Amino acid sequence: MTTDAQNHTTTPEDNTSDAPPLMLAIESQYIKDLSFEAPQTPVIFHKMREQAPAVSFGADVKARHLDGNVFEVVLHVEVKADVGAETAFMLELAYGAVVQANPVEADHLQPLLLIEAPRMLFPFVRNIIADVTRDGGFPQLMLQPIDFAALYRHRLAEAARPEQENTPEQV
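Residues numbered from 1 in each chain as written. Predicted model: local features only at pLDDT ≥ 70, side-chain atom pairs only at ≥ 80, totals over all residues. Heavy atoms only, no water.

Taking an unreviewed UniProt entry as the reference, the protein chain is identified by name as Protein-export protein SecB belonging to Haematospirillum jordaniae. Comment text from UniProt for the protein chain, heading Subunit (unreviewed entry), reads "Homotetramer, a dimer of dimers. One homotetramer interacts with 1 SecA dimer." The protein chain has a UniProt comment under Subcellular location (unreviewed entry) that states "Cytoplasm". (UniProt positions renumbered as here; feature names shortened; annotations may be inferred.)

**Q** Hey, could you go over unusual backbone geometry for me, with residue numbers and the actual values?
**A** Of all residues except glycine, most have a negative phi; of all peptide bonds, most are trans. Of the consecutive residues Thr41 and Pro42, the connecting peptide bond is found in the cis state with omega at 0 degrees. With respect to the element layout, Pro42 can be found in the loop between strand S3 (23–37) and helix H1 (43–50). (Helix = DSSP H or I, 4+ residues; strand = E, 2+ residues; numbered from the N terminus.)

**Q** Outline the pattern of salt bridges, listing residues and values.
**A** It is possible for side chains bearing opposite charge to pair when their charged atoms get close. For the structure shown, the criterion picks out nine salt bridges. One salt bridge in this structure joins Asp60 and Lys62, with 3.6 Å as the shortest N-O distance. Classification of Asp60 by relative accessible area gives partly exposed; the value is 25%. Residue Lys62 is classed as partly exposed on the basis of its relative accessible area of 45%. It is possible to trace a salt-bridge network through shared partners that takes in Lys32, Arg64 and Glu72. (Salt bridge = Lys/Arg side-chain N within 4 Å of Asp/Glu carboxyl O. Buried < 20%, exposed > 50% of the residue type's maximum accessible area, 1.4 Å probe, protein only.)

**Q** For the nonpolar core, give the residues involved together with the corresponding values.
**A** As a rule of thumb, soluble globular proteins bury nonpolar side chains together. Ranked by size, the top nonpolar core spans 40 residues in total, and within it Leu24, Val79, Ala88, Val99 and Ile129 carry the most contacts. Of all the secondary structure elements, the ones that give two or more residues to this core are S3, H1, strand S5 (70–83), strand S6 (86–102), helix H2 (106–135) and helix H3 (148–166). Each residue touching Ile129, except ones within four places of it in the same chain, is listed here: Val77, Val79, Leu91, Leu93, Leu141 and Leu143. (Core = buried A, V, L, I, M, F, W, Y, C linked by side-chain atoms within 4.5 Å. Contact = heavy atoms within 4.5 Å.)

**Q** How would you summarise the environment of Pro123 if you had to cite specific residues and measurements?
**A** Mapped onto the secondary structure, Pro123 falls in helix H2. Given the relative accessible area of 47%, Pro123 is considered partly exposed. Along the primary structure Pro123 and Pro145 are separated by 22 residues, whereas in three dimensions their C-alpha atoms are 8.6 Å apart.

And the structure:
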């Protein structure tokens, strides 16, 4: 898979087909929601000298159809840092993008929207989180890359699980 400088992602071309390559273009991106709370400041700074915070992280991706080939993709990220039993900070970010997917084929659409689009958005999300934690008085938090393909596969497995539980066993 190749990515060019204009935020377009294409798949390798199939030389046996006249079909245009799959493409994902970001039309706009934006902070949809941002929340940062540091309820124990300034006392927590002293406690952080003695004990490093335990950081927990969660991410989710949602997509919705807007019009034609245009979709909204939102990457939701939650970060929480605790020092002992006290919360040092909580950060929630919903970072969205309006994307155009061409051509829209059902079997390729979900992976494009739920894997490729958030992969393209992640560097911006990472930068926002680093800046907000630093500006909040804490050490700059640099998130490690997220495996959006694994997140997508996990979502598919979760969606299939209730169907399997309700299906009678065959003998």
